[in-house]
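# Report on the structure
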Amino acid sequence: VVSPFGARGGNSGVQDADNLAWKLAAVVQRRADPALLDSYHAERHEAATHNVMVTNRTARFLRPADGAERIFRTAAISLAKRHAFARQLVNTGRMSSPNIYSRSAACQSGGGRPAQNVALTWSDGNSGDLADLLVWANGNLLLLAFGELSRQDIASLISLSSTAAVRCVQIGALHSKPLALEYAIDANGDLQATCAGNDAQMRWALLRPDTYIAATGSRLDGSVVNAIRAALGHKA
């Protein structure tokens, strides 16, 4: 179905399995509503459609139809030999990259994008990365709370992690002092940037076991609970 350009067929198959596996586990272990499984089609069908579109464009560039397609291909190659700007027009296969989920009910505001595996430091001084945090979450959702937290925030997050299929971590700067929550240091702010781009007001990000962001937010309020419910397949 997917032309063999950019390894999108094979990589997408791995991503399909990664997407479905954690959802099946969560439902079987009664941590999520069975309705969560419906999000598999919404997310991975969107990814498959995008992959087919990208690879079809590559195939048409490599073997253009007579007329405008062939004229464009010939012109692009000719210009690329002499001008750097034209080299991006030469399409011999766009390498696979994680897809964005824009139509999934399981992803709320700020969600649907993959998080990069940035470096972190544990509170005991040992080095780690985001993948370590996801392993530590043990198949649960991972709630990252950024910056200084009040004692009320800490109490709310601890209560939340004890009643829902989610584990919470406070992400601070190098010299921040945690209160009473599991703690990690993002000294360069890379993780916060990965989760929310230039949104300096972001206070939290909810990550799924497949490394996708389920939602982000600027306030530790009911929006966190709503995001967790949606990420686990529950209706609002």
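Residues numbered from 1 in each chain as written. Predicted model: local features only at pLDDT ≥ 70, side-chain atom pairs only at ≥ 80, totals over all residues. Heavy atoms only, no water.

This part covers the nonpolar core. In terms of nonpolar packing, the biggest core is built from 26 residues, with Leu141, Leu143, Leu157, Val166, Trp204, Leu206 and Ile228 touching the most fellow members. For this core, the elements supplying multiple residues, two or more each, are helix H1 (8-28), strand E3 (141-146), helix H5 (151-163), strand E4 (166-172), strand E6 (204-207), strand E7 (213-217) and helix H7 (222-231). With four residues, the top contributor of residues to this core is H7. Aside from chain neighbours lying at most four places away, what touches leucine 157 is Leu143, Ala145, Leu149, Cys168, Leu181 and Leu220. Of all hydrophobic cores here, the second largest spans 20 residues; its members include Leu120, Leu191, Cys195 and Leu207. (Core = buried A, V, L, I, M, F, W, Y, C linked by side-chain atoms within 4.5 Å. Buried < 20%, exposed > 50% of the residue type's maximum accessible area, 1.4 Å probe, protein only. Helix = DSSP H or I, 4+ residues; strand = E, 2+ residues; numbered from the N terminus. Contact = heavy atoms within 4.5 Å.)

The next point concerns the sheet that holds strand E2 (residues 127-129). A sheet is described by the order of its strands in space; here seven strands give the open sequence E2-E1-E5-E4-E3-E6-E7, paired in mixed fashion. One side of each edge strand has no neighbouring strand; the edge strands of this open sheet are E2 and E7. Taken pair by pair, the neighbouring strands of this sheet meet at an average axis angle of 30°, ignoring direction. Pairing geometry for strand E1 (residues 119-122) and strand E5 (residues 183-185), over two bridges, is antiparallel. In the sheet register, threonine 121 faces E5, and the bridge partner there is isoleucine 185. Contacting E1, E2, E3, E4 and E6, helix H4 (residues 130-137) runs over the sheet at an angle of about 125° to E3. Across the sheet, H7 is in contact with E3, E4, E6 and E7; its angle to E6 comes to roughly 10°. (Pairing = 2+ DSSP bridges. Axes fitted to C-alpha atoms, helices over the stretch in contact; angles between N-to-C directions.)

Moving on, we come to the packing of helix H2 (residues 38-62) against helix H3 (residues 68-80). Put simply, H2 and H3 touch, their axes get as near as 9 Å, and they point 80° apart. Between H2 and H3, the angle is such that the two are roughly perpendicular. Of the residues in H3, those in contact with Arg60, Phe61 and Leu62 of H2 are Glu69, Phe72, Arg73, Ala76 and Ile77. Taken together, the residues of the contact of H2 with H3 sort by class into five nonpolar, no polar and three charged. (Parallel < 35°, antiparallel > 145°, perpendicular 65-115°, else oblique. Nonpolar A, V, L, I, M, F, W, Y, C, P; charged D, E, K, R; others polar.)

Moving on: H4. A turn of α-helix holds 3.6 residues, and therefore any two residues three or four places apart point the same way. Inspection of H4 places Leu130, Leu133, Leu134 and Ala137 among the buried residues, and these make up the whole buried set. Buried residues in H4, looked at end-on, bunch into an arc of 100°, giving them a common side. On its buried side, H4 packs onto E1, E2, E3, E4, helix H6 (190-196) and E6. The backbone nitrogen of alanine 131 lies 3.2 Å from a side-chain oxygen of the residue at the head of H4, namely aspartate 129. Directly beyond the C-terminal end of H4, a positive phi value near 60° is found at asparagine 138. (Arc of directions from axis to C-beta. Polar contact = N/O pair within 3.5 Å; in protein donor to acceptor, adjacent residues only side chain to side chain.)

Turning to the packing of aromatic side chains, a few remarks are in order. All chains considered together, the criterion is met by one aromatic pair. Taking the centre distance of 4.3 Å and the plane angle of 15° together, the rings of tyrosine 101 and tyrosine 212 count as stacked. Pair noted here: tyrosine 101 is in the loop between H3 and E1 and tyrosine 212 is in the loop between E6 and E7, with a separation of 111 residues, a long-range link. Residue tyrosine 212 is classed as buried on the basis of its relative accessible area of 6%. (Phe/Tyr/Trp six-rings, centres within 6.5 Å; stacked < 30°, edge-to-face > 60°.)

This paragraph deals with the state of the cysteines. In the structure shown here, the tally under the stated rule is zero disulfides. Between cysteine 107, a free cysteine, and cysteine 195, which holds the nearest cysteine sulfur, the sulfur-to-sulfur gap is 13 Å. (Disulfide = S-S within 2.5 Å.)

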